[in-house]
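# Per-entry structural report
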Amino acid sequence: MPSLPLLNFDSHLIVLLFTFAFGLTHSGMAALRTRIEHLVGARLYRLLFVIASFATSIPWLVYLVNHRNDGILFFYLHDSLALHIFVFIVASLAFFFLYPGTFKLSEIVLLSRPKQSFYATGIIRVTRHPQLVGMSLWCLSHFLWNASSFMLVTALGLIGYHLFAAWHSDRRRLALFGQAYGDLMASTSIFPFLAIFQGRQVIVIKEFKDKAYFWILVFIATVYYLHPAIVENFPKWYF
């Protein structure tokens, strides 16, 4: 069981500041996308967006790994095989929801000109904001494994930001695409499977027959195998 500095809660505030900085950068640049693209072009905007996102997310991730056991320990169940399996399943599912953020991988790496658009198929039928669902699952799995007050604050901060980002995304796309996006909002839901249960959507299996999902499995297996080594060898940034 890790030794926890029970009276040191400075890191809780710092991780929230990291989350705020990432959110401000990410959502701020998204809000200004049209204006920035008009000035510098779509490709340069995408490059600036990726640089800014990495510049705010990587230090946050390093800080998270180094301080994951700070604060109060609510429970410690690393010896539980059931918890181990449950955490693995939930964390794996998270990547299947997070993946749609890379549907346009060619645009992310600037091989094609980035365009503003939206999807209405595949995972979007399950939830209109898969990033929100994926991050919530990621937070749940990591809190269950490192059940410290620091991880709880981190999870709440991340989920809170992604709730805002979902609202912000709907607002921006509705203004940009008008009725077309309004129709999508009417036929989908933020909550997974809710629109399907309500009869507003149906699952189309063929839309999930994408080779990229195979590579998600490869990624999950690789991360699971390397995870202990990755965590133990993170840069030790303490401040």
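Just above, that's the structure.
Residues numbered from 1 in each chain as written. Predicted model: local features only at pLDDT ≥ 70, side-chain atom pairs only at ≥ 80, totals over all residues. Heavy atoms only, no water.

Here we take up the overall build of the protein. Secondary structure summary: the protein contains eleven helices and zero strands in total. Reading the protein from its N end, one meets helices and strands in the order α-α-α-α-α-α-α-α-α-α-α. Taken across its 239 residues, the protein has 38% of its residues classed as buried. Expressed as a percentage of contacts within the protein between residues at least 6 apart in sequence, the contacts between residues at least 24 apart total 81%. Element-wise, carbon and sulfur atoms account for 71% of the exposed surface of the protein, whose accessible area totals about 13800 Å². (Helix = DSSP H or I, 4+ residues; strand = E, 2+ residues; numbered from the N terminus. Buried < 20%, exposed > 50% of the residue type's maximum accessible area, 1.4 Å probe, protein only. Contact = heavy atoms within 4.5 Å. Areas by Shrake-Rupley, 256 points an atom, 1.4 Å probe, with all protein chains shown as cover.)

Next up on the list: the packing of helix α1 (residues 10-31) against helix α8 (residues 149-177). Viewed as axis vectors pointing N to C, α1 and α8 meet at an angle of 15 degrees, and their least axial separation amounts to 9 Å. The orientation of α1 relative to α8 falls into the category roughly parallel. The two elements α1 and α8 meet at a crossing, and its hand is right-handed. For the pair α1 and α8, contact is made by Ser-11, His-12, Val-15, Leu-16, Thr-19, Phe-22, Gly-23, His-26, Ser-27, Ala-30 and Ala-31 and by Ser-149, Phe-150, Val-153, Thr-154, Gly-157, Leu-158, Tyr-161, Phe-164, Ala-165, His-168 and Arg-172, respectively. (Axes fitted to C-alpha atoms, helices over the stretch in contact; angles between N-to-C directions. Parallel < 35°, antiparallel > 145°, perpendicular 65-115°, else oblique. Left-handed = near helix turned anticlockwise from the far one by under 90°.)

Turning next to the nonpolar core. Formed by 25 residues in total, the largest nonpolar core has its most connected members in Trp-60 and Trp-138. With six residues, the single largest contributor to this core is helix α7 (residues 130-145). Leave out the neighbours within four places in its chain, and Trp-60 touches Val-15, Phe-18, Thr-19, Trp-138, Thr-154 and Leu-158. (Core = buried A, V, L, I, M, F, W, Y, C linked by side-chain atoms within 4.5 Å.)

Bringing unusual backbone geometry into the picture now. Even without a glycine there, the phi angle at Phe-193 is positive, about 70 degrees. We classify Phe-193 as partly exposed; its relative accessible area is 37%.

Now for the packing of helix α3 (residues 42-67) against α8. For the pair α3 and α8, interaxial distance at closest approach is 10 Å and the crossing angle is 150 degrees. Taken together, α3 and α8 sit at an angle that is classed as roughly antiparallel. When the axes of α3 and α8 are compared, the crossing they make is left-handed. Of the residues in α8, those in contact with Trp-60, Tyr-63, Leu-64 and His-67 of α3 are Phe-150, Met-151, Thr-154 and Leu-158. In terms of residue class, the contact of α3 with α8 is made up of six nonpolar, two polar and no charged. (Nonpolar A, V, L, I, M, F, W, Y, C, P; charged D, E, K, R; others polar.)

Right, let's talk about the environment of His-168 for a bit. Take His-168: it is sitting in helix α8. For the pair His-168 and Ala-31, spaced 137 residues apart in sequence, the C-alpha separation works out to 8.4 Å. Setting aside anything within four residues of it in sequence, one finds His-168 in contact with Ser-27 and Ala-31.

Taken as a whole, this structure holds three salt bridges when the rule is applied. Residue Arg-125 is joined to Glu-207 by a salt bridge in which the shortest nitrogen-to-oxygen separation is 2.8 Å. Of this pair, Arg-125 sits in helix α6 (residues 123-126) while Glu-207 sits in the loop between α10 (194-197) and α11 (211-232); the two residues are 82 residues apart in sequence, bridging distant segments of the chain. Residue Glu-207 is classed as partly exposed on the basis of its relative accessible area, which comes to 25%. Asp-170 is paired through a salt bridge with Arg-128; the nearest N and O atoms lie 3.0 Å apart. Of this pair, Asp-170 sits in helix α8 while Arg-128 sits in the loop between α6 and α7; the two residues are 42 residues apart in sequence, bridging distant segments of the chain. For the pair formed by Asp-170 and Arg-128, the shared burial category is buried. (Salt bridge = Lys/Arg side-chain N within 4 Å of Asp/Glu carboxyl O.)

Next up on the list: α8. Helix length check: α8, at 29 residues, gives a terminal C-alpha distance of 41 Å against a target of 42 Å (1.5 Å per residue), a fit within 8%. Where α8 terminates, the next one or two residues include Gly-178, which has phi positive at roughly 65 degrees. (Expected span 1.5 Å × (residues − 1).)

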